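# Structural characterization, general
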Amino acid sequence: MTAAGWIFMSASLALMWGLSAWCFYLLSSSPAEDSPAGESARPGHTSSRPEQVEDIDGN
Amino acid sequence: MSRATEPEAGRGAHAREERWTTRLGVIFAVAGSAVGLGNLVRFPGQVVANGGGAFMIPYFCAFALLGVPIAWVEWTLARYGGQQGRHSGVSVLGLIGGRAAGRHFGTLAVLIPLAIYMYYVLIETWCLRYAWAYVMGGVDLGQNVGGRVQRAEELFARTSGSDANGALLGAEAFAGLGCWVLVLALNLYLVHRGLSRGIEAFCRWALPLMALCALVVLARVLTLGTPDPTRPELSVIGGLGYLWNPDLSRLGDASVWLAAAGQIFFSLSVGFGIIINYASYLRRRDDVVLSALSACAINGVFEVSFGGLITVTAAFVFLGASGALGGTFALGFTSLPVVFTYLGAWERPIGAAWFSLLFLAAITSSLSMLQPAKAFFQEALGGSSRRAVLLLAALAAPGSFWVLYFSDGLIALDTLDFWIGTVAIFILAGFEVVCFGWILGVDRGLCEANEGARLKIPTVYRFIIKYVAPVYLGAVFIGFCLQSLPGYLRGLMSQPVACATLAVAALTFAALLFFTRRIERRWQAFEREGLDPSEAASRTSP
């Protein structure tokens, strides 16, 4: 493996891992999520419960 | 069970919105959808064939100029549609792209994942059968070193049924057909469970498990050293060099840039009609910019770290340069089982870990292919999950059985992969970019994207999304058509099975269009009643 090969491989790995780490840092340091169960996207929305709730037909 | 009429079903239903439970859940689901064979096996083949490490320059250009912006476009359009209670590609794209165009391109956004699913579930079945074989005692490729490659090819032909049409209904019926039914049923069950209890719950443990399996295989591959001292050139470092040593002269070759753009495009699953559905379940204040970028980054980690270090390196160490080349299936299902036979006691655990990784990657992808069609049928039928899944099964199972039956030379599979899994996604992605940049308006689109975003989209992307991405996409598509289309057209004309497979896809599209009209009528009825979008949403949502 040539020096250029090492450089390209290391730079590629560093870029992807760095981007992922940065994204996860931003995700983990951003404000906590609202509780989905109590949150409504906007007035008129019936509910935003996380689980899928069946309709009245039981479907 | 009450038999409400269609509008009543909407009004009377305790319609509830499906939502992702956590931010990480949706990111894992989208990343799981994107991570697949393309990352782990196709990517290293592309690197080797296109200048080694030098390939990463056009690769990262395509990542920044094509992959990430189109992902932002899809996430934003989807959340925008989702706020109006629209979750299928038809209604999201119809909302922005106009009724007629939205209808057809939106139907394409349902057809693409559904048609890809028809063959992808078979690949998933192969992965499961290989993983099971390794768990239960390993794959017997014989003691004769020279004959192992041939036996591995025979094993793949038996597993995939590529020797003859209907092969999987003969001697292999129990394993072939049985596994197919099992995997199909598992997929439909998980999709029926809904977003958070099915797809999200599965992806939240599947993705870390995939990373663990990949790390186990990677650790073993990187510690192989030089297995045959008489051939010192066949070493791990030699394998890495074979993959990564850059050939900078290739950067002047347009086909390398084309290949890099194609790899990014297929790898990130943009234009597949999946994100346009997945992200529609986000809430107004959810951060689409960071979520989309995170999903792209996770996909990149799997591709560059695991795809870029495992397959070609392992194949090179034992089989040399000739064994490290080959198509996706040849490398993944033929070369690597041969490589594993050289690992002694490690053969079974590494083989099981590798094919479990492929199986998990395939199942997270296949789930994502069913959800858009499920949402589509729910909108058409008024919200019933069970009926939507039954209808989904009624379309997906016969289509997939067609591919399973016409397995000779994998012609049916290849036909769907090219015309739907390649050509159609370019068309859909192009329409989405035009919708965002030119119909919705790039400024309004960026405002929409930045809503709730901790990380704002850099202003340079205003230009990139409006001009660079469509031109780049168009150039890649034209180049791709010039390179591959003539050969495929010739193949299509000479192979009746390929023509018939395209007819199956066309019939599926026609069936979907029928339901598209139902969706349109429902939305028109709501508009006539003067309902605001939120009220309409509560009547059409599942």
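Because the structure is predicted, anything quoted here is derived from the model rather than measured.

Within chain A, the secondary structure is distributed over 1 helix and 0 strands. Sorting the 59 residues of chain A into buried and exposed places 41% on the buried side. Carbon and sulfur atoms form 68% of the exposed surface of chain A, whose accessible area is close to 3,100 Å².

Before going further, it helps to examine the overall build of chain B. The helix and strand tally for chain B stands at 22 helices and 0 strands. Along the first, second and third principal axes, the C-alpha atoms of chain B reach 80 × 55 × 45 Å. Expressed as a percentage of the 542 residues in chain B, the buried residues total 64%. Carbon and sulfur atoms provide 64% of the accessible area of chain B, an area that totals close to 18,000 Å². Positive and negative side-chain charges of chain B, numbering 39 and 33 respectively, have mean locations separated by a distance of 7 Å.

A contiguous patch of negative charge on the surface is contributed by Glu153(B), Glu154(B), Asp163(B) and Asp408(B). You can see Asp163(B) is positioned in the loop between helix H7 (148–160) and helix H8 (173–192).

Attention now moves to the confidence of the model for chain B. Residue and element names in this part refer to chain B. For chain B, per-residue confidence averages 85 on the pLDDT scale, and residues scoring 70 or more make up 94% of the total. Confidence drops under pLDDT 50 across residues 1–15; counting only partners more than four residues distant or on other chains, this segment forms 24 contacts. Confidence estimates for the predicted assembly give a pTM of 0.85 and an ipTM of 0.82.

Next up on the list: helix H15 (residues 328–341) of chain B. Helical geometry: 3.6 residues make up each α-helical turn, so side chains three or four residues apart lie on a common side. Residue and element names in this part refer to chain B. With 14 residues, H15 should reach 20 Å at 1.5 Å per residue; the first-to-last C-alpha distance of 20 Å fits that figure. By the largest-angle criterion, Ser335 marks the main kink of H15, which is about 35 degrees, and a proline, Pro337, follows within four residues. A large share of H15 lies buried, amounting to 12 of its 14 residues. When we look at burial in H15, the residues that qualify are Phe329, Leu331, Gly332, Phe333, Thr334, Ser335, Leu336, Pro337, Val338, Val339, Phe340 and Thr341. Its buried side turned inward, H15 meets helix H3 (37–49), helix H6 (99–135), H7, helix H14 (311–323), helix H16 (347–381) and helix H18 (411–439).

Looking now at the pattern of salt bridges. Residues and elements named next belong to chain B. On inspection of all chains with the given rule, the structure shows 6 salt bridges over all chains. A salt bridge links Arg283 to Asp286; the nearest nitrogen and oxygen atoms lie 3.5 Å apart. Of the two residues, Arg283 and Asp286, neither departs from the other in class, the shared state being buried. In this structure, Glu448 engages Arg284 in a salt bridge whose closest nitrogen and oxygen atoms are separated by 2.6 Å.

All right, on to the confidence of the model for chain A then. Should the pLDDT be low somewhere, the predicted coordinates at that spot are not to be read in detail. Chain-level pLDDT for chain A is 66 on average; 53% of the residues reach the 70-or-more range. Low pLDDT, under 50, characterises residues 35–59 of chain A; the predicted model gives this stretch 73 contacts beyond four residues in sequence or across chains.

Residues and elements named next belong to chain B. In the contact formed by helix H4 (residues 56–82) and helix H13 (residues 288–307), the axes pass within 9 Å of each other and the chain directions differ by 140 degrees. Considering their axes alone, H4 and H13 lie oblique with respect to each other. Note that H4 runs across H13; the crossing there is right-handed. On the side of H4, the interface is formed by Met56, Tyr59, Phe63, Val68, Ala71, Trp72, Trp75, Thr76 and Arg79, while H13 contributes Val288, Val289, Ser291, Ala292, Leu293, Ala295, Cys296, Glu303 and Val304. Partitioning the contact of H4 with H13 into residue classes produces 14 nonpolar, 2 polar and 2 charged.

Here we come to the nonpolar core. In this structure, Tyr59(B), Trp75(B), Phe265(B), Phe333(B), Trp354(B) and Phe377(B) are the most contacted members of the largest nonpolar core, which totals 212 residues. Ignoring sequence-local partners within four residues, the contact set of Tyr59(B) consists of Met16(A), Phe43(B), Ala260(B), Gln263(B), Ile264(B), Glu303(B) and Val304(B).

For any two helices packed against each other, one specifies the crossing angle of their axes together with the interaxial distance. All names here are of chain B. Taken N-terminus to C-terminus, the directions of helix H19 (residues 442–450) and helix H20 (residues 460–494) make an angle of 125 degrees; their axes are 10 Å apart at the nearest point. Regarding the angle of H19 to H20, the classification is oblique. Both H19 and H20 take part in a crossing whose hand is right-handed. Between H19 and H20, the contacting residues are Val442, Asp443 and Leu446 on the first element and Arg462, Ile465 and Lys466 on the second.

When you line up the elements, Leu370(B) lands in helix H16. Separated by 260 residues in sequence, Leu370(B) and Val110(B) have C-alpha atoms that sit 9.0 Å apart.

A word on the packing of aromatic side chains. Residues and elements named next belong to chain B. Considering all chains together, one arrives at 31 aromatic pairs over all chains under this definition. Look at Phe514 and Phe515: their rings are 5.2 Å apart centre to centre, the planes differ by 80 degrees, and that puts the pair in the edge-to-face class. Judged by its relative accessible area of 49%, Phe514 is partly exposed. The exposure class of Phe515 is buried, given its relative accessible area of 12%. Three or more aromatic residues link up through ring pairs in this structure, and these residues are Trp126, Tyr130, Tyr134, Phe156, Phe333, Phe340 and Phe355. Against the face of Trp523 rests Arg86, its NZ or CZ located 3.8 Å from the ring centre. Lys466 extends its terminal NZ or CZ atom over the ring of Trp438, reaching a point 4.5 Å from the ring centre.

Here is what the cut-offs are and how they apply
- Residues numbered from 1 in each chain as written.
- Chains lettered and ligands numbered in written order.
- Predicted model: local features only at pLDDT ≥ 70, side-chain atom pairs only at ≥ 80, totals over all residues.
- Heavy atoms only, no water.
- Helix = DSSP H or I, 4+ residues; strand = E, 2+ residues; numbered from the N terminus.
- Buried < 20%, exposed > 50% of the residue type's maximum accessible area, 1.4 Å probe, protein only.
- Areas by Shrake-Rupley, 256 points an atom, 1.4 Å probe, with all protein chains shown as cover.
- Lys, Arg positive; Asp, Glu negative; His and termini not counted.
- Charge placed at Lys NZ, Arg CZ, Asp CG, Glu CD.
- Patch = residues over 30% accessible without salt bridge, like charges linked within 9 Å, V, L, I, M, F, W, Y side chains within 5 Å.
- Salt bridge = Lys/Arg side-chain N within 4 Å of Asp/Glu carboxyl O.
- pLDDT = per-residue confidence, 0-100.
- Contact = heavy atoms within 4.5 Å.
- Expected span 1.5 Å × (residues − 1).
- Bend = angle between axes of the 7 residues up to and from the residue.
- Axes fitted to C-alpha atoms, helices over the stretch in contact; angles between N-to-C directions.
- Parallel < 35°, antiparallel > 145°, perpendicular 65-115°, else oblique.
- Left-handed = near helix turned anticlockwise from the far one by under 90°.
- Nonpolar A, V, L, I, M, F, W, Y, C, P; charged D, E, K, R; others polar.
- Core = buried A, V, L, I, M, F, W, Y, C linked by side-chain atoms within 4.5 Å.
- Phe/Tyr/Trp six-rings, centres within 6.5 Å; stacked < 30°, edge-to-face > 60°.
- Lys NZ or Arg CZ within 6 Å of the ring centre and 35° of its normal.

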